[in-house]
Amino acid sequence: MRKRVTALVVLTFLLMVAGCTSREYDANMDLGKEQVQEENYLEAYDAFTLAYKDQETDEAKELMELSKYLADGISHYEEKDFEAALTAFEKGAGYEAKTKLGKKMVKIADEWVTKIDHMNEDSSDVVEEETLSLEEEAALEEQNIEVPADVKEPEKNEVNAEPKKAENDSNSSNSSNSSNSSSADVPKDQNQNKEDSKKLTVQEAEQLVKDFIEIEDYPYLRVQYDHDDEKGDYIFQVFESVEDNEYGHTATWGWYGVNPKTKEVYDIMQ
């Protein structure tokens, strides 16, 4: 009789422990999923980690690992460490997710990979300088297309020819070069000033972004300048402030670029 009572007590205790563990697991899983929807991936990682400690399920492990990749990637991106950010996002984008939320997080990571790849491509386009051959220069000149001086191929006679001495004409040559140099510098400075005066300010570019997204229809959104990219375009973050606790947080709505010379506004994520 005593053995039966003891067995019943132990069984009841185990059922109570299992019930408590199950409730804690479900609560942490729900909390993690809410944080993912609000793009708080670090908080989501903490919640999924607690859930996985309660019950080592495949779903908890998958969401825990994916939220970690996204949190690390965004953290590195905000620190301007784009190489480390790309590595973290690539791990997330290559993850073989089984759950619906996990597949959504994989897609988010893939979008970040595309965004950083585009930034790298823009950077390489600026760094690389194309040099035209003499034949290409001639073809462009026949079409009345002006060839910039920095992409012209130097002519052989310009490279190999030795400067000829002309003692009798040295004084007149020097004075002529001096006058030509001074006269050439003036219009160059004037052109530079004209270009600078036409360039948009950050405040003007910010207004263009607001007009582009029709912010009057979304009064809860904010537009904030982030940085200049390698092309000299202004990059803006569009976000909303969410006050769901004592401190609140921000949720990114999109990233937009503005060409300060052409006034073109474009969506970086597309």
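Conventions we followed
- Residues numbered from 1 in each chain as written.
- Predicted model: local features only at pLDDT ≥ 70, side-chain atom pairs only at ≥ 80, totals over all residues.
- Heavy atoms only, no water.
- Phe/Tyr/Trp six-rings, centres within 6.5 Å; stacked < 30°, edge-to-face > 60°.
- Helix = DSSP H or I, 4+ residues; strand = E, 2+ residues; numbered from the N terminus.
- pLDDT = per-residue confidence, 0-100.
- Contact = heavy atoms within 4.5 Å.
- Axes fitted to C-alpha atoms, helices over the stretch in contact; angles between N-to-C directions.
- Parallel < 35°, antiparallel > 145°, perpendicular 65-115°, else oblique.
- Left-handed = near helix turned anticlockwise from the far one by under 90°.
- Nonpolar A, V, L, I, M, F, W, Y, C, P; charged D, E, K, R; others polar.
- Pairing = 2+ DSSP bridges.
- Patch = residues over 30% accessible without salt bridge, like charges linked within 9 Å, V, L, I, M, F, W, Y side chains within 5 Å.
- Areas by Shrake-Rupley, 256 points an atom, 1.4 Å probe, with all protein chains shown as cover.
- Salt bridge = Lys/Arg side-chain N within 4 Å of Asp/Glu carboxyl O.
- Lys, Arg positive; Asp, Glu negative; His and termini not counted.
- Charge placed at Lys NZ, Arg CZ, Asp CG, Glu CD.
- Buried < 20%, exposed > 50% of the residue type's maximum accessible area, 1.4 Å probe, protein only.

So, about the packing of aromatic side chains. Counted by the stated rule, this structure contains ten aromatic pairs. Aromatic pair Y77 and W255: ring centres 6.0 Å apart, planes at 75°, arrangement edge-to-face. With a gap of 178 residues between them, Y77 in helix α3 (residues 58–78) and W255 in strand β3 (residues 249–258) connect regions that are remote in the sequence. Considering the side-chain rings of Y218 and Y220, the 6.3 Å spacing of their centres and the 85° angle between planes classify their relative orientation as edge-to-face.

For the protein chain, per-residue confidence averages 78 on the pLDDT scale, and residues scoring 70 or more make up 62% of the total. In the predicted structure, residues 156–166 sits below a pLDDT of 50 and forms two contacts with residues beyond four places in sequence or in another chain.

Attention shifts here to the packing of α3 against helix α4 (residues 82–93). Orientation of α3 relative to α4, taken along the N-to-C sense of each, is 160°, at an axis distance of 8 Å. Relative to α4, the element α3 lies roughly antiparallel. When you trace α3 past α4, the crossing you get is left-handed. When α3 is examined against α4, the residues L66, Y69, L70, D72, G73, I74, H76 and Y77 are found in contact with a partner set consisting of F82, A84, A85, A88, F89, K91 and G92. Looking at the contact of α3 with α4 residue by residue, the classes come out as ten nonpolar, three polar and two charged.

Our focus in this paragraph is the pairing of strand β1 (residues 221–228). Bridging between β1 and strand β2 (residues 234–242) involves seven bridges; their strand directions are antiparallel. In the strand pairing of β2, D228 is matched with Y234. Between β1 and β2, which pair antiparallel in sequence order, lie five residues; one of them, G232, sits at a positive phi of approximately 90°.

We now examine a negative patch on the surface. A cluster of acidic side chains, namely E78, E79, D81 and E83, defines a negative patch on the protein surface. Residue position: E78 is located in helix α3. Classification of E78 by relative accessible area gives exposed; the value is 61%.

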